[in-house]
Amino acid sequence: MPAIVIASNGDMPTFEGRMTFTVVLCVIIAACGGLMFGYDIGVSGGVSAMDDFLVKFFPSVYERKKHAHENNYCKYDDQYLQLFTSSLYIAALVASFVASKTCTKFGRKPTMQFASFFFIAGVALSAFGVNIEMVIVGRVFLGFGVGFANQAVPLFLSELAPAKVRGALNICFQLFITIGILLANIVNYFVGEIHPYGFRISLGLAGVPALMLGLGSLIIVETPTSLIERDRVEEGRAVLKKIRGIDNVDPEFDSIVHACEIARRVTDPYAKLMTRPSRPPLIIAIMLQIFQQFTGINAIMFYAPVLFQTVGFGNDAALLSSVVTGTVNVLCTIVSVVVVDRAGRRILLIEACLQMLITQTVIGVILMKDLKPTGDLPSSEALIVVVMVCVFVAGFAWSWGPLGWLIPSETFPLETRTAGYSFAVSSNMLCTFIIAQAFLSMLCKMQAGIFFFFAAWIVAMMVFALFFIPETKGIPIDEMVDRVWKQHWFWYRFFDDEHDGPVKKPAKMIHTHMP
């Protein structure tokens, strides 16, 4: 394959490398952590709509569901039913901080192996649960697995990838999340008619991607950054040569070594994160996670079958509609893989905000106008809702979905990388927990107004993307401070030069810095 040359500015180093088979294999195996996460997102909503599952664990919800006179918006409103979905994410929040330490001390590979172990234990408890307590404990173990995987995999992919294609390779994590969601929706559709244990099949199959990640992680390499960070310097050089496919890796190797030397001076990375120069990537990382979840995407993905039943689709039709939205999710994430390193990050974020704002507003207007507490939507309007959901999912899939994981994984300096990324993961899990725990109750209380609630958040995130998110495409991961943050019209003021005083205002005020 042709060499990939990372362009430099001024005296910035030039890094060379090829897209090697080793990198491709590592990306596919590591991205199974996304497959694991995505399958769980998709399966929980489908299982929550299955009658056999409700009869076994939530009989009161089943009874409400069967009453035709029940409020369309409230028939699934049950805190324990929401806890079935959301318990995973509060566990993942806690696990992400533990995983940060594991990533630093033991490496990215062992952290992924821990993720696989926890997830398989959770699958066993969930699939064979005899009461709701056992199932929720299983969800907690699944959460540990998700927390470890979501901490390790994006960092692994960003550190492994050549800078010019880092965006595309990192987005494979999100691509596999979308594939996992689609596979879960397909499984739910086919096993929904297997009574009374179809839901157990759906839950049990979540162990397959976890096994793929666990076994596959035995054959992939550790990242050069992680090896050098842990004083395995020559092994790190050898791995760097292997993944770049060339012998002359000195510029990139020296850059990593320099970053590791700086990192070793930091004894408490969490304290370092609280310092002024660390705030720009930390703020961006946390805000991206908040905005990603408050687009309303997980409300739709978790509860797509429930949502489609609410607007008048039958059980089978609702599950089939979820398969359609899952397919859109996968295809449009592939769009992001193709264009993110060409068009850049910011343009995708901003365009998607407009797209998602329009669709959330249209859905809200239709439901407010025509979906009463009892009765169904007219079939033509129900179809419009499904189309709008698909357009919404498309916009999210090529923007805030993958870039919410990509940008934090590539913008922290090494000395705070795992600690900073743990804040990103934990923020994501916290917001996901809030949405998962509250959505059905919010749907009951706010009815169609919930879509305007998410639309207001989308307006806020569009403003944030326009003014505060820098462009990072094509910039080596250890060059972000000098080439991104110090060149940004707002964030430059957070960096002080030890010798010359405050960093000077960039000569050209820019929102984005192109390499």
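Residues numbered from 1 in each chain as written. Predicted model: local features only at pLDDT ≥ 70, side-chain atom pairs only at ≥ 80, totals over all residues. Heavy atoms only, no water.

### Observations regarding the overall build of the protein
Phase 1: Looking only at helices and strands, one finds 23 helices and four strands in the protein.
Phase 2: Counting over 515 residues, the protein shows a buried share of 61%.
Phase 3: Relative to all contacts within the protein whose residues are 6 or more apart in sequence, the contacts with residues 24 or more apart total 78%.
Phase 4: Surface summary for the protein: the accessible area is close to 18,500 Å², and the carbon and sulfur share equals 68%. (Helix = DSSP H or I, 4+ residues; strand = E, 2+ residues; numbered from the N terminus. Buried < 20%, exposed > 50% of the residue type's maximum accessible area, 1.4 Å probe, protein only. Contact = heavy atoms within 4.5 Å. Areas by Shrake-Rupley, 256 points an atom, 1.4 Å probe, with all protein chains shown as cover.)

### Focus: the pattern of salt bridges
Phase 1: Throughout the structure, instances matching the rule amount to 15 salt bridges.
Phase 2: Across the pair Glu235 and Arg232 runs a salt bridge, and its minimum N-O distance is 2.9 Å.
Phase 3: Among the charged side chains, a network of salt bridges with common partners joins Arg108, Glu159, Glu229, Arg417 and Asp478. (Salt bridge = Lys/Arg side-chain N within 4 Å of Asp/Glu carboxyl O.)

### Re the packing of aromatic side chains
Phase 1: This structure, assessed with the given rule, holds 30 aromatic pairs.
Phase 2: Centre to centre, the rings of Phe118 and Phe148 are 5.4 Å apart; their planes meet at 50°, and the pair counts as tilted. Placement of the pair is Phe118 in helix H6 (residues 108-127) and Phe148 in helix H7 (residues 132-160), with a sequence separation of 30 residues.
Phase 3: Note on Phe291 and Phe464: the rings are 5.5 Å apart at their centroids and 55° apart in plane angle, and the pair reads as tilted. You can see Phe291 sitting in helix H15 (residues 279-293) and its partner Phe464 sitting in helix H22 (residues 449-468), a full 173 residues away along the chain. Across the pair, Phe464 and Phe291 agree in class, each one buried.
Phase 4: For Arg237, the ring lying beneath its charged end belongs to Phe253, and the centroid distance is 3.9 Å.
Phase 5: In this structure, Arg276 packs its charged tip against the face of Phe494, placed 4.5 Å from the ring centre. (Phe/Tyr/Trp six-rings, centres within 6.5 Å; stacked < 30°, edge-to-face > 60°. Lys NZ or Arg CZ within 6 Å of the ring centre and 35° of its normal.)

### Overview of the nonpolar core
Phase 1: Ranked by internal contacts, the top residues of the largest apolar core, which has 151 residues, are Phe53, Phe58, Trp400, Met429 and Ile469.
Phase 2: At 13 residues, the largest contribution of residues to this core is made by H7. (Core = buried A, V, L, I, M, F, W, Y, C linked by side-chain atoms within 4.5 Å.)

### A word on the packing of H15 against H22
Phase 1: Packing of H15 against H22 brings their axes to within 10 Å, and their N-to-C directions diverge by 150°. Between H15 and H22, the interaxial angle falls into the category roughly antiparallel. Both H15 and H22 take part in a crossing whose hand is left-handed. Counted together, Ile284, Met287, Ile290 and Phe291 of H15 and Trp457, Ala460, Met461, Phe464 and Phe468 of H22 form the full contact between these two elements. (Axes fitted to C-alpha atoms, helices over the stretch in contact; angles between N-to-C directions. Parallel < 35°, antiparallel > 145°, perpendicular 65-115°, else oblique. Left-handed = near helix turned anticlockwise from the far one by under 90°.)

### Here's the deal with the confidence of the model for the protein
Phase 1: Per-residue confidence for the protein averages 85 on the pLDDT scale, and 86% of its residues sit at or above 70.
Phase 2: Low pLDDT, under 50, characterises residues 1-12; the stretch is placed with 35 contacts to residues that sit more than four places away or in other chains.
Phase 3: Overall, residues 509-515 carries pLDDT values under 50, and its contacts beyond four positions in sequence, including any with other chains, amount to 28 contacts. (pLDDT = per-residue confidence, 0-100.)

### Observations regarding helix H21 (residues 417-446)
Phase 1: Of all the bends in H21, the largest measures some 50° and sits at Ala438.
Phase 2: Taking burial as the measure, the 30 residues of H21 include 23 buried ones, the bulk of the element.
Phase 3: Gln447 lies just past H21 and shows a positive phi near 55°. (Bend = angle between axes of the 7 residues up to and from the residue.)

### Quick word on the packing of helix H2 (residues 32-48) against H7
Phase 1: In the contact formed by H2 and H7, the axes pass within 9 Å of each other and the chain directions differ by 140°. As summarised for this structure, H2 and H7 are arranged oblique, according to the angle between their axes. Where H2 crosses over H7, the two elements pack in a sense that is left-handed. Contacts between H2 and H7 involve Gly33, Met36, Phe37, Asp40 and Ser44 from the first element and Arg139, Leu142, Gly145, Val146, Ala149, Asn150 and Val153 from the second.

### Structural notes on a nonpolar patch on the surface
Phase 1: A cluster of nonpolar side chains, namely Ile120, Leu211, Leu215, Leu218 and Ile219, defines an oily patch on the protein surface of about 500 Å² accessible area.
Phase 2: Relative to the elements of secondary structure, Leu218 occurs in the loop between helix H10 (207-216) and helix H11 (224-229). (Patch = residues over 30% accessible without salt bridge, like charges linked within 9 Å, V, L, I, M, F, W, Y side chains within 5 Å.)

### Brief notes about unusual backbone geometry
Phase 1: The peptide bond linking His195 to Pro196 adopts the cis configuration, its omega dihedral lying at 0°.
Phase 2: Within the secondary structure layout, Pro196 lies in the loop between helix H8 (166-191) and helix H9 (198-204).
Phase 3: Phi is positive for Asp231, close to 65°, though the residue is something other than glycine.
Phase 4: You can see Asp231 is positioned in the loop between H11 and helix H12 (233-244).
Phase 5: A relative accessible area of 57% means that Asp231 is categorised as exposed.

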